[in-house]
Amino acid sequence: MIIAQETYKNNILITGGAGFIGSKLVNLLYAKGYNITVLDNLNPQIHGLDPEIDSELFRSLPSGITFIKGSVTCKSDCIRAVQNQDIIVHLAAETGTGQSMYEIERYTHVNVIGTAVILDILTNNRDHAVTKFVLASSRSIYGEGKYFSGDVGVVYPSHRCTEDLIKGDFEVKMNGSTGSLIALPTDEDSKIHPSSIYGINKQTQEQMVVTICEALGIDCIALRFQNVYGPGQSLRNPYTGILSIFSSLIRLGETINIFEDGEESRDFIYIDDAVQSIVLSIESSFEGVDVFNVG
């Protein structure tokens, strides 16, 4: 449990701060009196070709913040952004499990190398003032998640095979188990076994941040978000999640496509709750390194 106290510092760098989660966070923290620096590359897939016209998220950012248009993969951009910061909230990432499976190099370059650049600066430019690092991790690191088998016990099945899907068998299976599997809550101690490049990226990213922050004595909290939804989510970006796709189809009066047998389920978290978890992490008296599911 994270307990908020008035012991936090004022200068906060938010990478990806013009995005869906980032822009909400920036506005809330700015209203609370923080000095905010945003590093964001204004990806056209999210912000359009002209962000000042096309991106409501970008236009929503307060005029009083420091905005740096740049990339976490560019060391000079990151050095400039990290200067004089007390806290880093690292949101910048390529997101979407499906897209990651055919844009492997781009996802890995941004998510892994971009994180490595920031950590390299914290390690080798020791005149920085950073004392806390908050990382946006993901539920995708758990893969299919945690299940119970009547004849085996707790199991962690791998992803479903194409042959079963073609036959209309959509249930997850576990080698060595003959019965049906019952889904269990996937807690922080569950096995990490990602089934997408994005999930592998987030696992690697999380392990890098936790390892380096622990070595440097920087307090670190990694937040494993479930599927975040709400106002401001892009309706034109097909990789922002199923709820944005559903809402777009509803607004157009079109049919919603439900695949498989309609029995699938997913955990979602509202944008304001996701943002609040970051604020609690920033303002907590927590010391050390830990991870939390946010769902």
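Residues numbered from 1 in each chain as written. Predicted model: local features only at pLDDT ≥ 70, side-chain atom pairs only at ≥ 80, totals over all residues. Heavy atoms only, no water.

**Q** I tried to follow helix α7 (residues 104-124) on my own but got confused; where do I start?
**A** Spacing of three or four residues puts side chains on the same side of an α-helix, whose turn is 3.6 residues. Taking 1.5 Å of rise per residue, the 21 residues of α7 would be expected to cover 30 Å, and the 29 Å separating its terminal C-alpha atoms lies within 8% of that figure. Taking the largest bend as the criterion, α7 deviates by roughly 25°, centred on I113. Looking at the buried side of α7, the elements it contacts are β1 (11-15), α5 (75-82), β4 (87-90), α6 (97-100), β5 (132-138) and α9 (197-216). (Helix = DSSP H or I, 4+ residues; strand = E, 2+ residues; numbered from the N terminus. Expected span 1.5 Å × (residues − 1). Bend = angle between axes of the 7 residues up to and from the residue. Contact = heavy atoms within 4.5 Å.)

**Q** Any chance you could explain the sheet that holds strand β9 (residues 219-225) here in plain terms?
**A** Hydrogen bonds between backbone atoms are what pair the strands of a sheet, whose relative direction is either parallel or antiparallel. Here we have seven strands laid out as an open sheet, ordered β3-β2-β1-β4-β5-β9-β12, and parallel in their pairing. The outermost strands of the open sheet, each flanked by one partner alone, are β3 (66-69) and β12 (289-294). Taking each pair of neighbouring strands and ignoring which way they run, the sheet shows an average axis angle of 15°. Taken together, the six bridges between β9 and β12 define a ladder with parallel strand orientation. Of the residues in β12, the one forming a bridge with R224 is N293. (Pairing = 2+ DSSP bridges. Axes fitted to C-alpha atoms, helices over the stretch in contact; angles between N-to-C directions.)

**Q** Mind showing me how you'd approach α5 here?
**A** If you check which residues of α5 are buried, you get D77, C78, A81 and V82. Buried residues along α5 cover an arc of 120° about the axis, so they all sit on one side. On its buried face, α5 sits against β1, β2 (35-40), β3, β4 and α7. Immediately beyond the C-terminal end of α5, within one or two residues, lies N84, with a positive phi of roughly 70°. (Buried < 20%, exposed > 50% of the residue type's maximum accessible area, 1.4 Å probe, protein only. Arc of directions from axis to C-beta.)

**Q** Please explain the sheet that holds strand β8 (residues 181-183) as it appears in this structure.
**A** Read across the sheet, three strands follow the order β7-β6-β8 without closing on themselves; strand pairing throughout is antiparallel. Looking along the sheet, the strands with just one partner apiece sit at the ends: β7 (153-155) and β8. The sheet shows a mean angle of 35° between the axes of neighbouring strands, taken without regard to direction. Bridging between strand β6 (residues 147-149) and β8 involves three bridges; their strand directions are antiparallel. Its bridge partner lying in β8, F148 is registered against I182.

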